Amino acid sequence: MKKSKLVKRFWPFFKRFMGVALGLSLSFWTGHLTHAQSLRPEYVANIVYQRLPEIPKENQYIRQSTKEVDPDNTLISRLIRYNQDVQKRPVRYRLDWKLAFADYLGANEPVKEERYPGRNTLTVNPYKKDLEVIRSLNRRQRNELVNIIASVYNPPASQSETPQPTPQSSPQPTPQPSPPTAPQKPTFSQPGDSQLLKP
């Protein structure tokens, strides 16, 4: 009987604590995703075209609302929107970009014309021409595209965390790597080891 009263008494506090703990952990773990998902496809497409200028832009389509050519609506921005918005795949991982290319090549899920990015905003649906252009790229070009797009959405930790040297700082000697040591075999527990776990 005492236990149930105790549970009833502390249950509201426990629920609040767990709610706060869950909220903090979710915000910590999804912080990376929020940044990646917040990058506009047009911004990422511009970076791709700077690094790979030989990739066709396919930005000659006319926007329905303005009746003018929309130069920012490119093949790569539509590819990104397809992967991110239509397929709802994460943008940080190379595998998901490889799956998007497999879709375009007809080796995975079919790309549906009625769900293709640009179908509602452009006067002509770029679906057929985009499939044709992606299929004309060779394997090296597709791999470069995958690597560049994934690196924009998920930059290596060394780029974002490495402090930049200041002109006033003196050069530090580089540490010499230690000689390799033989791997240690795991040790088995000995009698009495469980006593170390006691408070």
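Residues numbered from 1 in each chain as written. Predicted model: local features only at pLDDT ≥ 70, side-chain atom pairs only at ≥ 80, totals over all residues. Heavy atoms only, no water.

### Examining the overall build of the chain
The helix and strand tally for the chain stands at 7 helices and 0 strands. Ordered by position from the N terminus, the helices and strands of the chain form the series α-α-α-α-α-α-α. Considering only intrachain contacts with a sequence separation of at least 6, the fraction spanning at least 24 residues in the chain is 61%. Accessible surface for the chain amounts to roughly 14800 Å². Of this, 59% is attributable to carbon and sulfur atoms. (Helix = DSSP H or I, 4+ residues; strand = E, 2+ residues; numbered from the N terminus. Contact = heavy atoms within 4.5 Å. Areas by Shrake-Rupley, 256 points an atom, 1.4 Å probe, with all protein chains shown as cover.)

### Here's the deal with helix H3 (residues 75-86)
Of all 12 residues making up H3, 10 are buried, and the element is well covered by its neighbours. Those residues of H3 that sit buried are Leu75, Ile76, Ser77, Arg78, Leu79, Ile80, Tyr82, Asn83, Gln84 and Val86. Positive phi appears at lysine 88, one or two residues downstream of H3, with a value of about 60 degrees. (Buried < 20%, exposed > 50% of the residue type's maximum accessible area, 1.4 Å probe, protein only.)

### Focus on the confidence of the model for the chain
Here the chain averages 81 in pLDDT, while 68% of its residues score no lower than 70. Note on residues 27-34: pLDDT is under 50 here. Beyond four places in sequence and across chains, it has 2 contacts. Per-residue pLDDT stays below 50 along residues 160-167; that stretch engages in 1 contact with residues further than four places along the chain or on separate chains. (pLDDT = per-residue confidence, 0-100.)

### Examining the packing of helix H2 (residues 41-51) against helix H6 (residues 139-153)
Across the interface, H2 lies against H6 with an axial gap of 10 Å and an inter-helix angle of 130 degrees. Taken as axis vectors, H2 and H6 run oblique relative to one another. By crossing handedness, the relation of H2 to H6 is classed as right-handed. Taking contact as the criterion, the partners of Pro41, Val44, Ile47, Val48 and Arg51 in H2 are, on H6, Leu145, Ile148, Ile149, Ser151, Val152 and Tyr153. Counted by class, the contact of H2 with H6 contains 9 nonpolar, 1 polar and 1 charged residues. (Axes fitted to C-alpha atoms, helices over the stretch in contact; angles between N-to-C directions. Parallel < 35°, antiparallel > 145°, perpendicular 65-115°, else oblique. Left-handed = near helix turned anticlockwise from the far one by under 90°. Nonpolar A, V, L, I, M, F, W, Y, C, P; charged D, E, K, R; others polar.)

### Overview of the packing of aromatic side chains
The way to describe two aromatic rings as a pair is by their centre distance and the angle between their planes. Counted by the stated rule, this structure contains 5 aromatic pairs. Each ring, one from tyrosine 82 and one from tyrosine 104, has its centre 5.4 Å from the other, and the planes form 80 degrees; the classification is edge-to-face. Linking tyrosine 82 in helix H3 with tyrosine 104 in helix H4 (residues 94-104), this pair joins segments that are 22 residues apart in sequence. The residues tyrosine 82 and tyrosine 104 share a single accessibility class, namely buried. Measuring from centroid to centroid gives 6.2 Å for tyrosine 104 and tyrosine 116, while their planes differ by 75 degrees, and the two rings are edge-to-face. (Phe/Tyr/Trp six-rings, centres within 6.5 Å; stacked < 30°, edge-to-face > 60°.)

### As for a positive patch on the surface
Together, Lys88, Lys112, Arg115 and Arg119 give the surface a local cluster of positive charge. The exposure class assigned to lysine 88 is exposed, which follows from its relative accessible area of 64%. (Patch = residues over 30% accessible without salt bridge, like charges linked within 9 Å, V, L, I, M, F, W, Y side chains within 5 Å. Salt bridge = Lys/Arg side-chain N within 4 Å of Asp/Glu carboxyl O. Lys, Arg positive; Asp, Glu negative; His and termini not counted. Charge placed at Lys NZ, Arg CZ, Asp CG, Glu CD.)

### Section: the environment of aspartate 70
Examined against the element boundaries, aspartate 70 turns out to sit in the loop between H2 and H3. Non-local contacts of aspartate 70, meaning those with residues more than four positions away in its chain, are made with Asn59, Tyr61 and Arg63.

### So, unusual backbone geometry
The backbone of glutamate 58 shows a phi angle near 50 degrees, a positive value even though the residue is not glycine. In this structure, lysine 88 is a non-glycine residue whose phi angle is positive, near 60 degrees. If you trace the backbone, lysine 88 turns up in the loop between H3 and H4.

### Some points on H4
Side chains that are three or four residues apart share a direction in an α-helix, a result of its 3.6 residues per turn. Among the residues of H4, Asp96, Trp97, Ala100, Phe101, Ala102, Asp103 and Tyr104 are the ones counted as buried. Those residues of H4 that are buried lie in contact with H3, helix H5 (127-136) and H6.

### Some remarks on the layout of surface pockets
As a volume, the largest pocket reaches approximately 240 Å³. Along the wall of the largest pocket there are 18 residues; nearest its centre are Asn73, Arg81, Pro117, Gly118 and Thr121. No other element matches H3, which puts 5 residues into the lining of the largest pocket. Among the residues forming the lining of the largest pocket, the class breakdown is 3 nonpolar, 5 polar and 10 charged. (1 Å grid on protein atoms, 1.4 Å probe; cavity = no way out; pocket = protein on both sides within 12 Å on 5 of 7 lines; lining within 4 Å. Points joined across faces, edges and corners; volume = space filled by probe spheres on them.)

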